[in-house]
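Letter by letter, the chains look like this.
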Amino acid sequence: MINDRELVSAIVYTFIAFILLTVSLLVFIYYSRKKIIQKEIEKKDLEIKYQKEMLNAAILTQEKERKRIARDLHDDISSKINIISLNSHFLTVPNLSEQEIKNITSNIVDVSAKVLESTRRISHDLLPPIFEEFGIHVAIEELCNNYSNGEELIVNYLNPLKQDIFDEIDKKKHLHLFRIIQELVNNSIKHGKATKIDIYLEKKKKKRLLKYKDNGVGFDMKKENAKKGLGMKNIESRVEFLDGKFKFDSAVNQGVQVTLSF
């Protein structure tokens, strides 16, 4: 039979084992929880870092646009207005012949027309008037028509649902989508040397899809520097505003394929 001393020893050992097991379990839970929290913190840090990069890209893009507009205003507007002013001053010179007056006046008219054209172009780059008047569908059509120039470049735009596909999303987001398409087309022309671009919009269930493809020179996706430019950062930041998902694919001599769901 088990005597009292053995019974007490068994109870004590059992209690100690229980305490050790409880402590071990608590330590395990503590470090597991700490590891999970650490992972969450790292995830949040990455999200904050990514958001900062997107914000920085947006700011850099705005600064780039401001510099471009300032340069256009200086080169295309200010210089031409100076020419008009100078020619207007010439008209005040006494004893001008009829031919001289005609030449000066003709020059003023020609330069004024160029100023008007430059003003329209700058205004269109900022926000196409047709965007406000007729909506994003017509604005995209005009964008594609303006870029298409016969055999050198063909830009196809297909949207079976027309304006309806955009009516379900906040109109404040329309401009972001328009700028994404504009940036993609600019990249295809400037960097991809594309001669054909296909833009297709469709709706699948509750999501809208933008499919974009060009036949440009493409690039190696393994080279990070090849796809990390200001233009791409700008696109990614606008995708964030759309609450969308962006898939980019390319290969050397195989053009670029982009899928955006929003």
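In this report, the structure presented in the accompanying data block is examined.

Definitions and limits used
- Residues numbered from 1 in each chain as written.
- Predicted model: local features only at pLDDT ≥ 70, side-chain atom pairs only at ≥ 80, totals over all residues.
- Heavy atoms only, no water.
- Core = buried A, V, L, I, M, F, W, Y, C linked by side-chain atoms within 4.5 Å.
- Buried < 20%, exposed > 50% of the residue type's maximum accessible area, 1.4 Å probe, protein only.
- Helix = DSSP H or I, 4+ residues; strand = E, 2+ residues; numbered from the N terminus.
- Contact = heavy atoms within 4.5 Å.
- Pairing = 2+ DSSP bridges.
- Axes fitted to C-alpha atoms, helices over the stretch in contact; angles between N-to-C directions.
- Parallel < 35°, antiparallel > 145°, perpendicular 65-115°, else oblique.
- Left-handed = near helix turned anticlockwise from the far one by under 90°.
- Nonpolar A, V, L, I, M, F, W, Y, C, P; charged D, E, K, R; others polar.
- Phe/Tyr/Trp six-rings, centres within 6.5 Å; stacked < 30°, edge-to-face > 60°.
- Salt bridge = Lys/Arg side-chain N within 4 Å of Asp/Glu carboxyl O.

**Notes on the nonpolar core**
- Residues Ile140, Leu177 and Ile199 are the most contacted members of the largest nonpolar core, which totals 35 residues.
- Considering every element that reaches this core, the biggest residue donor is helix 6 (residues 174-190), with 6 residues.
- Apart from the residues lying within four places of it in its own chain, the contact partners of Leu177 are Ile136, Phe166, Leu210, Leu242, Leu260 and Phe262.
- Counting residues in each nonpolar core, the second largest holds 8 residues, with Ile69, Ile84, Ile104 and Val111 among its members.

**Side note on the pairing of strand 4 (residues 245-250)**
- Across 6 bridges, the pairing between strand 4 and strand 5 (residues 256-261) is antiparallel. Looking across to strand 5, one finds that Asp249 is bridged to Gln257.

**Focus: the sheet that holds strand 3 (residues 207-214)**
- Strand order in the open sheet formed by 5 strands is 1-2-3-5-4, with mixed pairing between adjacent strands. Of all the strands in the sheet, just strand 1 (154-158) and strand 4 have a single pairing partner and so form its edges. Across this sheet, the average inter-strand angle for adjacent strands is 10°, counted without regard to direction.
- In this structure, strand 3 lies alongside strand 5, joined through 6 bridges in antiparallel fashion. The residue bridging Lys213 from the neighbouring strand is Gln257, located in strand 5.
- Contacts between helix 6 and the sheet are confined to strand 2 (196-204), strand 3 and strand 5, with strand 3 contributing the most and set at about 15° to the helix.

**Examining the packing of helix 4 (residues 136-147) against helix 6**
- Helix 6 packs onto helix 4 with a crossing angle of 15° between their chain directions and a minimal axis gap of 10 Å. One way to sum up the angle between helix 4 and helix 6 is to call them roughly parallel. The crossing of helix 4 and helix 6 is right-handed. Within the contact between the two elements, helix 4 uses Ile136, Ala139, Ile140, Leu143 and Tyr147 and helix 6 uses His174, Leu177, Phe178, Ile181, Gln182, Val185, Asn186 and Ile189.
- Residue composition of the contact of helix 4 with helix 6, grouped by class: 10 nonpolar, 3 polar and no charged.

**Concerning the packing of aromatic side chains**
- Within the structure shown, the criterion is met by 3 aromatic pairs.
- For the pair Tyr30 and Tyr31, a centre-to-centre distance of 5.1 Å together with 80° between the ring planes defines the contact as edge-to-face.
- Take Tyr30: its relative accessible area is 49%, and that puts it in the partly exposed class.
- With a centroid separation of 6.3 Å and an interplanar angle of 35°, the aromatic rings of Phe246 and Phe248 are classed as tilted.
- Judged by relative accessible area, which is 23%, Phe246 ranks as partly exposed.
- A network of ring pairs unites the aromatic residues Phe219, Phe246 and Phe248 as a single cluster.

**Some details on the pattern of salt bridges**
- Going through the model one piece at a time under the given rule, you end up with 2 salt bridges.
- The closest approach of N and O atoms between Asp243 and Lys173, which form a salt bridge, is 3.2 Å. Here Asp243 is found in the loop between helix 8 (230-241) and strand 4, whereas its partner Lys173 is found in the loop between helix 5 (164-167) and helix 6, with 70 residues between them in sequence.
- What makes Asp243 exposed here is its relative accessible area of 56%.
- Residue Lys173 is classed as partly exposed on the basis of its relative accessible area of 23%.
- Between Lys211 and Glu202 there is a salt bridge, with the nearest N and O atoms lying 2.9 Å from each other.

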